[in-house]
Amino acid sequence: MVGIVIISHSLKAAEGIKEIAQQMGREVPIVAVGGTTDGDLGTEPLAIKEAIERVGEVDGVLLLVDLGSAVMNTQMAVEMLEDELQRRVVLCNAPILEGAVVAAVESAMGHTLDQVRRAAEGAAQMEKLL
Amino acid sequence: MKVDRDQVVAMIKEMAAVVAQNKEYLTDLDSAIGDGDHGINMDRGLRKVLEKLPPVADKDIGTIFKNVGMGLISAVGGAAGPLYGTFFLQFGKIAAGKEELTTSDIGAMLAAGLEGIKQRGKAVVGEKTMVDALEPAVEAFAAAADAGKELLACFQAAVAAAEAGKKATIPLVAKKGRAHYLGERSIGHQDPGATSSELLLRAMLKVLES
């Protein structure tokens, strides 16, 4: 199964998105991370690295980020991971909420990391106003 | 003229002091075109750096700068963390094992630091970022060094170029970071990242001049 890490400037936003995504796949390991150590808005590479490590035994880990510095701090966190784990982690270019929901569904279906990533990225084109 | 470990430690303390003094100013600049946290973030990062300084203050200069980079990476919380963190990690690589720095060491550190920032942030000159202050500074330092100038004169040339580069960000449209969302509304505002870059270089220069 593919695990998911939700990375936002706001821990509340990350936890809220995790909650929504978790509804679509109760057994999918999802970790939320965000905010700075002293509780401000922001993202920190070391906290993100620890969050990825917390996902546990999975086939791969999909990373979803919100804005700007979250991307750079996440890239840095990935560079700091042990090689073996690093190879199973991918940062995806998806909208954070819709991407997380789609990823949870795909992961629960037992799809591979690459399949889950592509589905999450496809969420950017999802038609909301049907 | 060479820079010894005590001067390096003094530079780090001076950078932290200057950022603390300019916390509101940087945050005001960032409030105009960004998310309004640059001063707060930089201050938090440099306070962390100061906290972590005593155990490494008697180590080689490379270790001291590596520690600065790691402190900023761990505590800044915004894009400035990985960017300045990379800048000082690159300083640390060039200065690894060194007890003092020559003009050519410092030129190489600045060049490597800039290259690290450009790779990490994928920015070039003209995009209203810290690169607009740092690249002219690195070039001015190299030009002065090539002309056989002393370290102090090289660093003065670098800071003058950084200041000019910082001011030149005012009419630019932001292409990177949160300011990018503002498009043309970012015109007329000085970039906070270019401003903090100039402040950091100026703080290092102050120690050389004292």
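Refer to the structure presented above.
Being a predicted model, the structure only gives us computed values, none of them experimental. (Residues numbered from 1 in each chain as written. Chains lettered and ligands numbered in written order. Predicted model: local features only at pLDDT ≥ 70, side-chain atom pairs only at ≥ 80, totals over all residues. Heavy atoms only, no water.)

J.: Explanation requested: the overall build of chain B in the structure shown.
T.: Broken down by element type, chain B carries nine helices and two strands. Element order for chain B, N to C, with α for helix and β for strand: β-α-α-α-α-α-β-α-α-α-α. Counting only C-alpha atoms, chain B reaches 45 × 40 × 30 Å along its principal axes. Out of the 210 residues belonging to chain B, those deemed buried represent 56%. Sequence separation of at least 24 residues holds for 68% of the intrachain contacts in chain B that already meet a minimum separation of 6. For chain B, the exposed surface amounts to about 8400 Å²; the carbon and sulfur share of it is 54%. Across chain B, the centroid of the 25 positively charged side chains sits 5 Å from that of the 27 negatively charged ones. (Helix = DSSP H or I, 4+ residues; strand = E, 2+ residues; numbered from the N terminus. Buried < 20%, exposed > 50% of the residue type's maximum accessible area, 1.4 Å probe, protein only. Contact = heavy atoms within 4.5 Å. Areas by Shrake-Rupley, 256 points an atom, 1.4 Å probe, with all protein chains shown as cover. Lys, Arg positive; Asp, Glu negative; His and termini not counted. Charge placed at Lys NZ, Arg CZ, Asp CG, Glu CD.)

J.: Quick question: what am I supposed to make of the side chain of Thr74 of chain A here?
T.: Residues and elements named next belong to chain A. Within the fold, Thr74 resides in helix α3 (residues 69–80). For Thr74, a relative accessible area of 0% translates into the label buried. Residues contacting Thr74, with those up to four places away along its chain left out, are Ile7, Ile48, Leu63, Val65 and Leu91.

J.: In this structure, what is going on with the layout of surface pockets? I would like to understand it.
T.: In this approach a probe as big as a water molecule rolls over the atoms, and the regions it shows empty are the leftover space. The computed volume of the largest pocket comes to approximately 860 Å³. The wall of the largest pocket is formed by 38 residues, among which Met72 of chain A together with Ala79, Lys176, Gly177 and Arg178 of chain B lie closest to the centre. Looking at the lining of the largest pocket, the elements with two or more residues in it are α3 of chain A together with α2 (23–33), α3 (38–52), α5 (80–94), α6 (103–121) and α9 (192–209) of chain B. (1 Å grid on protein atoms, 1.4 Å probe; cavity = no way out; pocket = protein on both sides within 12 Å on 5 of 7 lines; lining within 4 Å. Points joined across faces, edges and corners; volume = space filled by probe spheres on them.)

J.: I would appreciate a short explanation of the sheet that holds strand β2 (residues 30–34) of chain A in the present structure.
T.: Sheet strands line up and pair through hydrogen bonds in the backbone, either parallel or antiparallel. Residue and element names in this part refer to chain A. Read across the sheet, four strands follow the order β2-β1-β3-β4 without closing on themselves; strand pairing throughout is parallel. Edge positions in the sheet fall to β2 and β4 (89–91), since each of these pairs with one other strand and no more. Here the strands of the sheet are splayed against their neighbours by 20° on average, with no regard to which way each runs. In this sheet, strand β3 (residues 60–65) lies alongside strand β1 (residues 2–8) in parallel orientation, the contact comprising six bridges. Directly across from Gly3, in β3, lies its bridge partner Val61. Contacts from helix α2 (residues 45–54) reach β1, β2, β3 and β4, with the element oriented near 170° to β2. Where α3 meets the sheet, it contacts β1, β3 and β4, and its direction lies at approximately 155° from that of β3. (Pairing = 2+ DSSP bridges. Axes fitted to C-alpha atoms, helices over the stretch in contact; angles between N-to-C directions.)

J.: Help me understand helix α1 (residues 5–21) of chain B, please; the structure alone is not making it clear to me.
T.: Residue pairs spaced three or four apart in an α-helix point in one direction, given the helix's 3.6 residues per turn. Taking 1.5 Å as the rise per residue, α1 of chain B with 17 residues should run 24 Å; its terminal C-alpha atoms sit 24 Å apart, in good agreement. When we look at burial in α1 of chain B, the residues that qualify are Gln7, Val8, Val9, Met11, Ile12, Glu14, Met15, Ala16, Val18 and Val19 of chain B. (Expected span 1.5 Å × (residues − 1).)

J.: What is the right way to look at the interface of chain B and chain A in this model?
T.: Often, the extent of an interface is quoted as the loss of accessible area on bringing the components together. Contact residues are listed per partner, giving 17 residues for chain B and 18 residues for chain A. Each partner contributes to the roughly 1400 Å² buried at the junction of chain B and chain A, and carbon and sulfur atoms together form 57% of this total. When the area that chain B buries against chain A is broken down by residue, the three leading residues are Arg44, Gly77 and Arg120 of chain B, summing to 36%. Where chain B meets chain A, there are three salt bridges. Close ionic contact of Asp38 of chain A with Arg44 of chain B constitutes a salt bridge, the shortest N to O distance being 3.1 Å. At the junction of chain B with chain A, the criterion picks out five residue pairs in polar contact (both at pLDDT 80 or more). Secondary structure elements with two or more residues in the side of chain B that touches chain A: α3, α4 (61–75), α5 and α6 of chain B. Among the residues forming the side of chain B that touches chain A, the class breakdown is seven nonpolar, five polar and five charged. (Buried area = accessible area lost by both parts, 1.4 Å probe. Salt bridge = Lys/Arg side-chain N within 4 Å of Asp/Glu carboxyl O. Polar contact = N/O pair within 3.5 Å; in protein donor to acceptor, adjacent residues only side chain to side chain. Nonpolar A, V, L, I, M, F, W, Y, C, P; charged D, E, K, R; others polar.)

J.: What is the right way to read the packing of α3 of chain A against α5 of chain B from this model?
T.: Packed helix pairs are specified by the crossing angle of their axes together with the interaxial distance, meaning the distance between the axes. α5 of chain B packs onto α3 of chain A with a crossing angle of 50° between their chain directions and a minimal axis gap of 8 Å. By the angle between their directions, the pair α3 of chain A and α5 of chain B is classed as oblique. Counting all contacts with α3 of chain A, which are made through Met72, Asn73 and Met76 of chain A, the residues of α5 of chain B involved are Pro82, Leu83 and Thr86 of chain B. Broken down by class, the residue content of the contact of α3 of chain A with α5 of chain B amounts to four nonpolar, two polar and no charged. (Parallel < 35°, antiparallel > 145°, perpendicular 65-115°, else oblique.)

J.: In this structure, what is going on with the nonpolar core? I would like to understand it.
T.: Among the nonpolar cores identified, the biggest contains 59 residues, and Leu46, Phe65, Phe88, Leu101, Ile106, Phe155 and Leu201 of chain B are the most heavily contacted of them. At the level of secondary structure, the elements contributing two or more residues to this core comprise α1, α3, α4, α5, α6, α7 (131–146), α8 (151–167) and α9 of chain B. If one sorts the elements of this core by residue count, α9 of chain B sits on top with nine residues. Sequence-distant contacts of Leu46 of chain B, defined by excluding residues within four places in its chain, comprise Met15, Ala16, Val19, Leu72 and Leu200 of chain B. With 20 residues, the next largest nonpolar core counts Leu62, Leu64, Ala103 and Ala120 of chain A among its residues. (Core = buried A, V, L, I, M, F, W, Y, C linked by side-chain atoms within 4.5 Å.)

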